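What follows is the residue order along each chain.
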Amino acid sequence: MLNTTLCYLTRDDAYLMLHRVKKNHDINHGKWIGVGGKFEFQESPEECLLREVREETGLTLKRWQFRGIVTFINNQDEAEYMHLFTADQWEGELTPCDEGDLRWVPKAEVPALNLWPGDRIFLSLIARDAPFFSLKLTYQDDHLAEAVLDGTPLPPA
């Protein structure tokens, strides 16, 4: 089971989004996502979060919130547990990312971006300040086949 983190930094009613356009053979190529990545050996979710945000943005987080666990199941890769965070305080200067282009996107404009269908679900949970959640997303290729929130299947989108 792969473990990853994903973080949405928030500022002035906008998210820091990463447009994944710089790496070939990237399952997220062309998509807009938060920042984060894979756990290294013996890292906790918080340690991975801090390291990945620093590597991808140059920023050092000072305040963050653990929002939920997202389980990804798909027919192309191994299953993944993604530890989802938001952050609203950091220090440092934003630096370019070698995985894509970073941009502050107003929250109202995020739904118009090229997002994974399941990302729309957890972004809506974050937007309405839902309590800590467990979300299981099952994909067949790029199609979201099933979404289960806290053990309850969600209706198809």
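Residues numbered from 1 in each chain as written. Predicted model: local features only at pLDDT ≥ 70, side-chain atom pairs only at ≥ 80, totals over all residues. Heavy atoms only, no water.

- As recorded in an unreviewed UniProt entry, the protein goes by 8-oxo-dGTP diphosphatase and comes from Candidatus Avoscillospira avicola.
- Quoted verbatim from the Sequence similarities (unreviewed entry) field of UniProt, the annotation for the protein is "Belongs to the Nudix hydrolase family."
- Taken verbatim from the UniProt record of the protein, the Cofactor (unreviewed entry) comment is "Mg(2+)". (UniProt positions renumbered as here; feature names shortened; annotations may be inferred.)

1. Description of the overall build of the protein
- The helix and strand inventory of the protein stands at two helices and 10 strands.
- The N-to-C order of helical and strand elements in the protein reads β-β-β-β-α-β-β-β-α-β-β-β.
- A compact globule built from 157 residues would reach a C-alpha radius of gyration of about 15 Å, and the protein, at 15 Å, matches this within 12%.
- Along the three orthogonal principal directions, the C-alpha set of the protein runs to about 40 × 30 × 30 Å.
- For the protein, buried positions account for 46% of its 157 residues.
- Of the roughly 8,500 Å² of accessible surface on the protein, a fraction of 50% belongs to carbon and sulfur atoms. (Helix = DSSP H or I, 4+ residues; strand = E, 2+ residues; numbered from the N terminus. Rg over C-alpha atoms; globule rule 2.2 N^0.38 Å. Buried < 20%, exposed > 50% of the residue type's maximum accessible area, 1.4 Å probe, protein only. Areas by Shrake-Rupley, 256 points an atom, 1.4 Å probe, with all protein chains shown as cover.)

2. Quick look at the pattern of salt bridges
- In the structure shown here, the tally under the stated rule is 10 salt bridges.
- Across the pair Arg51 and Glu43 runs a salt bridge, and its minimum N-O distance is 2.7 Å. Here Arg51 matches Glu43 in class, with each residue buried.
- Within the structure, one salt-bridge network assembled from shared partners comprises Glu40, Glu43, Arg51, Glu52 and Glu55. (Salt bridge = Lys/Arg side-chain N within 4 Å of Asp/Glu carboxyl O.)

3. Quick notes on the state of the cysteines
- Under the counting rule described, the total for this entry stands at zero disulfides.
- Cysteine Cys7 remains unbridged, with the sulfur of Cys48 as its closest cysteine sulfur at 11 Å.
- Given a relative accessible area of 0%, Cys7 falls into the buried group.
- Here Cys48 falls in the buried class, since its relative accessible area comes to 0%. (Disulfide = S-S within 2.5 Å.)

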